[in-house]
Amino acid sequence: MRDSFDREIHYLRVSLTDRCNYRCVYCMPEKGVVFHPHGNHLSDEELVRLIRIMAPLGFDRIRLTGGEPLLYPGLAALVRGIRDLGIPAIKLTTNGFLLERQAIPLKEAGLVSVNVSLDAVDEDVFYRMSRRHAAERVIRGIDAALDAGLDVKINAVIMRGVNDGQILPLLDLASSRHCCIRYLEVMAMGHLHDQAEKYLFSQKDILSVIATRHKFRPLGRSGSATASYWQTDEGLRFGVIANETEPFCRDCDRLRLDSSGNIYGCLSSNHPILLDNKEDETKWTEKLQQALLQKQALRFTGSDLSMLHIGG
Ligand code: SAM
């Protein structure tokens, strides 16, 4: 499928649930958020049916996310169902809280890689970001995923004045596990739509902090990747996802599906297109085409939607 800018769209990000066991400060305000009613969630069968329609249209990469996807009952069975459709790249984004136990079953079901969100190594700073004490537990989850043979990346959102002191400790952690870490600029999404700038710790700022300790050289950004990468003289690769200061929308190759069956062409779009489970394949294909029309040429403009709902 191609959008109106002739980009080939072949990557689907699926939010399996908007429920989460964290309360991250970039996802929700202190008073919490209104969740979708449970009954609205897509069933496993509906998801597999949708992916069965999308596979012949060229979709070959699926990322399962949320909310927190490890809270989704029967996740391993769903991964197996998607693998059996012949999708080669099934990936997961998780906060890692429940990963220690689920890493092996997910790998056996066909999961290829996992991005684990870890915004701090220090428990107090971790709490300030997620309103939970779980850093140590997440690190055990990362180790379990590595032991299970999954490709693991660590993702850390960096917020000015909250966890910017964790950039080097997180790099040390990634280095000790020989895994790649990506730092994310905070995005103007959800309740931060109008105030992300206050917390923005830019790619330039992140590189300046790392430069106090390491020499590194740029590796660039490849294809539709969201991160640009660098390599330190010691051989460690790290990335920055600079959504705000160096938007990469022009290379976007994805659609998003939220846990109620709404499809979005763009993170900046607040106009969901509902895939009704009573509709047939032709109708769903038409709606996928409509979602492609939401795709923008270049600039991420933010949205009132929280990543919790649309899927991070
Ligand atoms: N619960 C899973 C997790 O924590 O990885 C998956 C969903 S969560 C919404 C995915 C990720 O979205 C977060 O860890 C964070 O990296 C990113 N995210 C959410 N809101 C964000 C924001 N306003 N700015 C930058 N990243 C954000």
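Relevant structure appears above.
Residues numbered from 1 in each chain as written. Predicted model: local features only at pLDDT ≥ 70, side-chain atom pairs only at ≥ 80, totals over all residues. Heavy atoms only, no water.

**Side note on the overall build of the protein chain**
Scanning the protein chain from terminus to terminus reveals ten helices and twelve strands. Relative to a compact globule of 312 residues, whose C-alpha radius of gyration would be 20 Å, the protein chain shows 19 Å and is just as compact. Across the 312 residues in the protein chain, those meeting the buried criterion constitute 57%. Long-range pairs, those at least 24 residues apart, make up 73% of the contacts in the protein chain between residues at least 6 apart in sequence. For the protein chain, the accessible area works out to roughly 13,400 Å², and carbon and sulfur atoms hold 50% of it. Placing the 39 positive and 40 negative side-chain charges of the protein chain at their respective mean positions leaves the two points 1 Å apart. (Helix = DSSP H or I, 4+ residues; strand = E, 2+ residues; numbered from the N terminus. Rg over C-alpha atoms; globule rule 2.2 N^0.38 Å. Buried < 20%, exposed > 50% of the residue type's maximum accessible area, 1.4 Å probe, protein only. Contact = heavy atoms within 4.5 Å. Areas by Shrake-Rupley, 256 points an atom, 1.4 Å probe, with all protein chains shown as cover. Lys, Arg positive; Asp, Glu negative; His and termini not counted. Charge placed at Lys NZ, Arg CZ, Asp CG, Glu CD.)

**Quick word on the side chain of Ser113**
Tracing the backbone through its elements, the reader meets Ser113 in strand E4 (residues 113–117). Once residues lying within four places of it in the same chain are set aside, the contact partners of Ser113 are Ile90, Lys91, Leu92, Leu150 and Asp151.

**Structural notes on the nonpolar core**
Counting residues in each nonpolar core, the largest one holds 104 residues, and the members touching the most others are Leu12, Leu64 and Tyr183. If we skip the residues at most four places from it in the chain, Leu12 touches Ile51, Met54, Phe59, Arg61, Ile62, Arg63, Leu255, Arg256, Leu257 and Ile263. (Core = buried A, V, L, I, M, F, W, Y, C linked by side-chain atoms within 4.5 Å.)

**So, the environment of Asp164**
Note on placement: Asp164 falls in the loop between strand E5 (151–158) and helix H6 (167–176). Residues Asp164 and Asp205 lie 41 residues apart in sequence; the distance between their C-alpha atoms is 9.3 Å. Leaving out residues up to four positions away in the same chain, Asp164 has contacts with Ile158, Met159 and Phe201. Looking at Asp164, its side chain comes within polar contact range of the main-chain nitrogen of Gly161, at 3.4 Å. (Polar contact = N/O pair within 3.5 Å; in protein donor to acceptor, adjacent residues only side chain to side chain.)

**A few points about the pattern of salt bridges**
What the rule picks out here adds up to 14 salt bridges. In this structure, the salt-bridge partner of Arg2 is Asp6, at a minimum N-O distance of 3.6 Å. On the accessibility criterion, Arg2 (46% relative accessible area) is partly exposed. Classification of Asp6 by relative accessible area gives exposed; the value is 52%. One salt bridge in this structure joins Asp251 and Arg221, with 2.6 Å as the shortest N-O distance. In this pair, Asp251 sits in the loop between strand E9 (237–241) and strand E10 (254–257) while Arg221 sits in the loop between strand E7 (216–220) and strand E8 (228–232), placing the two residues 30 residues apart along the sequence. You can call Asp251 partly exposed: its relative accessible area is 26%. With a relative accessible area of 25%, Arg221 lands in the partly exposed category. A cluster of three or more residues bridged by salt bridges with shared partners is formed by Arg2, Asp6 and Glu8. (Salt bridge = Lys/Arg side-chain N within 4 Å of Asp/Glu carboxyl O.)

**Things to note about the packing of aromatic side chains**
The geometry of an aromatic ring pair comes down to the distance between the two centres and the angle between the two planes. Tallying each qualifying case throughout the model produces four aromatic pairs. Summarising the aromatic geometry, the rings of Tyr22 and Phe126 are spaced 5.8 Å apart at their centres and angled 85° between planes, so their arrangement reads as edge-to-face. Of this pair, Tyr22 sits in the loop between strand E1 (11–15) and helix H1 (44–54) while Phe126 is found in helix H4 (residues 123–130), placing the two residues 104 residues apart along the sequence. As far as the burial class goes, Tyr22 and Phe126 line up, both buried. Between Phe216 and Phe238, the ring centres sit 5.4 Å apart and the planes meet at 85°, which makes this aromatic pair edge-to-face. Of this pair, Phe216 sits in strand E7 while Phe238 sits in strand E9, placing them 22 residues apart in sequence. (Phe/Tyr/Trp six-rings, centres within 6.5 Å; stacked < 30°, edge-to-face > 60°.)

**Topic: the packing of H6 against helix H8 (residues 203–211)**
The geometry of a pair of packed helices is captured by two quantities: the angle between their axes and the separation between those axes. Packing of H6 against H8 brings their axes to within 9 Å, and their N-to-C directions diverge by 70°. Viewed along their axes, H6 and H8 adopt a mutual orientation that is roughly perpendicular. By crossing handedness, the relation of H6 to H8 is classed as right-handed. Contacts between H6 and H8 pair Ile167, Leu168 and Leu171 from the former with Ile206, Val209 and Ile210 from the latter. For the contact of H6 with H8, a count of residues per class yields six nonpolar, no polar and no charged. (Axes fitted to C-alpha atoms, helices over the stretch in contact; angles between N-to-C directions. Parallel < 35°, antiparallel > 145°, perpendicular 65-115°, else oblique. Left-handed = near helix turned anticlockwise from the far one by under 90°. Nonpolar A, V, L, I, M, F, W, Y, C, P; charged D, E, K, R; others polar.)

**Focus: the sheet that holds E9**
If you walk across this open sheet you meet the twelve strands as E7-E8-E9-E6-E5-E4-E3-E2-E1-E10-E11-E12, and the pairing is mixed. The two strands at the open ends of the sheet, each matched to only one other strand, are E7 and strand E12 (273–274). Pairing geometry for E1 and E10, over four bridges, is parallel. Bridge pairing links Leu12 to Leu255 in E10. (Pairing = 2+ DSSP bridges.)

**Section: H4**
Along H4, the residues classified as buried are Val125, Phe126, Met129 and Ser130. Projected down its long axis, H4 carries its buried residues within an arc of 120°, all on one side. Elements that come into contact with the buried residues of H4 comprise helix H5 (135–147) and E5. Of the residues that open H4, the one with a side-chain oxygen 2.9 Å from the backbone nitrogen of Asp124 is Asp122. Of the residues flanking the end of H4, it is Arg131, one or two places downstream, whose phi is positive at about 55°. (Arc of directions from axis to C-beta.)

Shape is all these values report; function is a separate question.
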